[in-house]
Amino acid sequence: MCQLLGMNCATPTDFNFSFRGFKCRGGNTDIHAHGWGIAIYEGRGVRTFHDPLPCAQSPIADMVSSYPIKTLNMMAHIRYATQGGVSLENVHPFQREMWGIQWTFAHNGEVPAMKTKVDADVSSTSRTDAG
């Protein structure tokens with residue numbers, strides 16, 4: 001299963017210390033080596049970074065872990081693929097705009113196929129079990 005790191009704060013907070021430890025679990029100290037992603041909320045916007053490389057070996061993760069971003073909300077995901085290939089399209093968190101709001105979503109484990117039709121504006125491009 002994948003692993004998640006989330007932070008929700010009362011005042012803007014630097015997440016780098018926590019992310020640096022989490023980054024090591026992405027292929028160095030743990031088996032979660034099938035990509036990673038992070039979503040950092042800044043006001044009404046979301047700054048996202050994704051990479052299909054293991055987080056522990058990713059130059060993008062190195063940059064994020066040293067970049068001084070303070071936020072109220074962030075989520076990070078390191079992937080251990082059980083469904084779908086190792087590719088950029090399958091790396092979480094997924095991001096969509098709906099009702100004028102930027103939404104992000106990441107999960108741990110398998111999400112069963114939906115039985116109802118999903119609005120085309122929020123459909124996923126992922127080939128994982130979340131797609």
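A few points on the structure. (Residues numbered from 1 in each chain as written. Predicted model: local features only at pLDDT ≥ 70, side-chain atom pairs only at ≥ 80, totals over all residues. Heavy atoms only, no water.)

Side note on unusual backbone geometry
Trans peptide bonds make up the majority, and among non-glycine residues the majority have a negative phi.
Moving on, step 1. The residue after H92, namely P93, is reached through a cis peptide bond having omega -5 degrees.
Moving on, step 2. Secondary-structure assignment places P93 in the loop between strand 4 (70–78) and strand 5 (94–98).
Moving on, step 3. With a phi close to 60 degrees, W99 is a non-glycine residue in the positive phi region.
Moving on, step 4. A relative accessible area of 68% means that W99 is categorised as exposed. (Helix = DSSP H or I, 4+ residues; strand = E, 2+ residues; numbered from the N terminus. Buried < 20%, exposed > 50% of the residue type's maximum accessible area, 1.4 Å probe, protein only.)

Observations concerning the packing of aromatic side chains
Moving on, step 1. According to the stated counting rule, one finds three aromatic pairs in the structure shown.
Moving on, step 2. Ring centres of F19 and W36 lie 5.8 Å apart, and the angle between their planes is 50 degrees; on these two criteria the pair is classed as tilted. Pair noted here: F19 is in helix 1 (residues 16–25) and W36 is in strand 2 (residues 36–42), with a separation of 17 residues, a long-range link. As far as burial versus exposure is concerned, F19 and W36 are alike and both buried.
Moving on, step 3. Judged by centre distance (6.3 Å) and plane angle (85 degrees), the ring pair of W99 and W103 falls under edge-to-face.
Moving on, step 4. Its relative accessible area of 40% is what places W103 among the partly exposed residues.
Moving on, step 5. Every member of this aromatic cluster is reached through a ring pair, and the members are F15, F19 and W36. (Phe/Tyr/Trp six-rings, centres within 6.5 Å; stacked < 30°, edge-to-face > 60°.)

A short note on helix 1
In an α-helix, one turn spans 3.6 residues; hence positions three or four apart end up facing the same way.
Moving on, step 1. All of the buried residues in helix 1 are N16, F19, F22 and K23. Each buried residue of helix 1 lies within a common arc of 120 degrees when the element is viewed along its axis, so the set occupies one face.
Moving on, step 2. In this fold, the buried residues of helix 1 make contact with strand 1 (3–14), strand 2, helix 2 (59–66) and strand 4.
Moving on, step 3. Residue G27 follows helix 1 closely and has a positive phi angle near 105 degrees. (Arc of directions from axis to C-beta. Contact = heavy atoms within 4.5 Å.)

Some remarks on the side chain of K23
Moving on, step 1. Relative to the helices and strands, K23 is located in helix 1.
Moving on, step 2. Setting aside residues up to four positions removed in sequence, K23 forms contacts with C55, A56, A61, D62 and S65.

Here's the deal with the nonpolar core
Moving on, step 1. Residues F15, F19, W36, I38, I40, V64 and M74 are the most contacted members of the largest nonpolar core, which totals 16 residues.
Moving on, step 2. When residues of this core are traced back to their parent elements, those giving at least two are strand 1, helix 1, strand 2, helix 2 and strand 4.
Moving on, step 3. Leaving out residues up to four positions away in the same chain, M74 has contacts with L5, G6, M7, F15, I38, A39 and I40. (Core = buried A, V, L, I, M, F, W, Y, C linked by side-chain atoms within 4.5 Å.)

Things to note about the pattern of salt bridges
It is possible for side chains of opposite charge to pair when their charged atoms get near one another.
Moving on, step 1. Applying the stated criterion across every chain, the model contains three salt bridges.
Moving on, step 2. In this structure, R47 engages E42 in a salt bridge whose closest nitrogen and oxygen atoms are separated by 2.4 Å.
Moving on, step 3. By relative accessible area, which is 30% here, R47 ends up partly exposed. (Salt bridge = Lys/Arg side-chain N within 4 Å of Asp/Glu carboxyl O.)

So yeah, pure geometry; function would need other evidence.
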